[in-house]
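# Geometric and topological summary
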Amino acid sequence: MHDLREFIEGLPKAELHLHIEGSFEPELMFELARRNAVPLGYASVEQLREAYAFSQLQDFLDIYYQGMSVLLEEQDFYDLTRAYLQRVHAQNVRHVELFFDPQGHTDRGVAFTTVIDGIWRALQDSQREHGISACLIMCFLRHLDQNSAMRTFEQSLAHRDRITGVGLDSSEIGHPPSKFADVFARAREAGFRVVAHAGEEGPPAYVHEALDILRVQRIDHGNRALEDPALVERLVSEAIPLTVCPLSNLRLCVVDDLRNHPLKQMLALGLRATVNSDDPAYFGGYMNENYLAVQEALELTREDIVTLARNGFEAAFIDAPRRQALLHELDRYVATQ
Ligand code: ADE
Ligand code: ZN
């Protein structure tokens, strides 16, 4: 285990499932609340952290939306994104695909351009300073209606060159992928990559819908796909990557114990699973903590760890030269460690 810890820490990795608003650490949240004179509703960082006891996705989402309400200025989005990138740079993350929730901001009166300008400036700084490649995936909030998603989609077109893909997040149960068929069709026509959260809390039917109706290229989470053998076969044969988030699954009670996490089974079934952090400030860990926790709980081998890292680079929305460079970096690391 000790050797594997060092191996994981130095391993070049890709993060493909990260909500930038979920990387908002309480210390920075308090600082920005003060800077913007927005009341947070908690007396201290400690009191806020104590509220991070969730028994399901909705418990978390309620606090997550409250937390992001202190983000008002371009500099706030810059500081948030910059802090995340500094942390994952220290963990040898080489490529990131960031989700952001425009409706969580525009519905509070913050302009789309304020959000994306701040995030983008931080991505560019990290690319220049650390060589981290990055892209942006705009998520639609599934608890809102499709008209709201469509208005957001239309606003995003002014920033088309900075947005790689669209996704679907927030409260899953009761909000199936089919609710967003039209906006995803428009996004595909406009050339966006498409992903969706499915099978985190929702049933395997939602994963089917994400594939059949939204035509997603990756499934975010996908845990409950394992309940449906025909669906597993399809995900394997179509080589659809799953962006799996172990500590998130534990903290949101998708699994009762990491020793019962399906990641190892996913690999054994031939699924293209990747490891990601989801909302690291809320779930107790960034990339390395997720890899380490799941390695220990499931007794993953060095080969399993390399497969997971390789899957991340193979599932990333990057061009062929960048993919080759990252896979080469991984191969070199593995050969010398
Ligand atoms: N938004 C942020 N994190 C999420 C998650 N784990 N599931 C659904 N929506 C989210
Ligand atoms: Zn997520």
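Going by the structure above, here's the rest.
This text gives an overview of the structure that appears in the document. Everything numeric in this text was worked out from a predicted model, so none of it was measured.

### Here we look at the overall build of the protein
Across its full length, the protein holds 17 helices and 8 strands. For the protein, whose C-alpha radius of gyration is 19 Å, the value lies close to the compact-globule estimate of 20 Å for 337 residues. Reported as C-alpha extents along the three principal axes, the dimensions of the protein are approximately 50 × 40 × 40 Å. Here the protein, with 337 residues, has 59% of them falling under the buried criterion. Looking at the protein alone, contacts between residues at least 24 apart form 77% of all its contacts between residues at least 6 apart. Across the protein, the 32 positively charged side chains and the 51 negatively charged ones have centroids separated by 5 Å.

### Considerations on the packing of aromatic side chains
Within this structure, the stated rule accounts for 13 aromatic pairs. Ring geometry for Phe 7 versus Tyr 333: centroids 5.4 Å apart, planes at 35°, classification tilted. Of this pair, Phe 7 sits in helix α1 (residues 2-10) while Tyr 333 sits in helix α17 (residues 320-336), placing them 326 residues apart in sequence. Across the pair, Tyr 333 and Phe 7 agree in class, each one buried.

### Examining unusual backbone geometry
One non-glycine residue, Arg 215, adopts positive backbone phi at about 55°. Tracing the backbone shows Arg 215 in the loop between α10 (204-212) and β6 (218-221). Backbone geometry places His 221, a non-glycine residue, at a positive phi of 80°. Checked against the element boundaries, His 221 lands in strand β6.

### What about empty space enclosed by the protein?
Gaps left between atoms show up when a probe the size of a water molecule is rolled over them. In total, this model carries 2 cavities of 30 Å³ or more according to the counting rule given. Put simply, the largest cavity is a space of about 110 Å³. Lining the largest cavity we find 13 residues, and of these His 19, Leu 57, Phe 60, Leu 61 and His 197 sit closest to its centre. With 4 residues, helix α4 (residues 57-68) is the largest single contributor of residues to the lining of the largest cavity. Lining the second largest cavity are Met 29, Leu 40, Tyr 42, Leu 48, Ile 63, Gln 66, Gly 67 and Tyr 282. Looking at the lining of the second largest cavity element by element, the count peaks at 3 residues for α4. Tallied by class, the residues present in the lining of the second largest cavity amount to 6 nonpolar, 2 polar and no charged.

### Some words on the layout of surface pockets
Considering only enclosed or pocket space, the largest pocket measures out at about 170 Å³ in volume. Lining the largest pocket are 14 residues, with Ser 133, Ala 134, Cys 135, Phe 317 and Ile 318 sitting closest to its centre. Residue assignment for the lining of the largest pocket shows that the elements contributing at least two residues are α7 (112-130) and β3 (133-141). Class assignment of the residues belonging to the lining of the largest pocket gives a composition of 6 nonpolar, 4 polar and 4 charged.

What counts as what
Residues numbered from 1 in each chain as written. Chains lettered and ligands numbered in written order. Predicted model: local features only at pLDDT ≥ 70, side-chain atom pairs only at ≥ 80, totals over all residues. Heavy atoms only, no water. Helix = DSSP H or I, 4+ residues; strand = E, 2+ residues; numbered from the N terminus. Rg over C-alpha atoms; globule rule 2.2 N^0.38 Å. Buried < 20%, exposed > 50% of the residue type's maximum accessible area, 1.4 Å probe, protein only. Contact = heavy atoms within 4.5 Å. Lys, Arg positive; Asp, Glu negative; His and termini not counted. Charge placed at Lys NZ, Arg CZ, Asp CG, Glu CD. Phe/Tyr/Trp six-rings, centres within 6.5 Å; stacked < 30°, edge-to-face > 60°. 1 Å grid on protein atoms, 1.4 Å probe; cavity = no way out; pocket = protein on both sides within 12 Å on 5 of 7 lines; lining within 4 Å. Points joined across faces, edges and corners; volume = space filled by probe spheres on them. Nonpolar A, V, L, I, M, F, W, Y, C, P; charged D, E, K, R; others polar.

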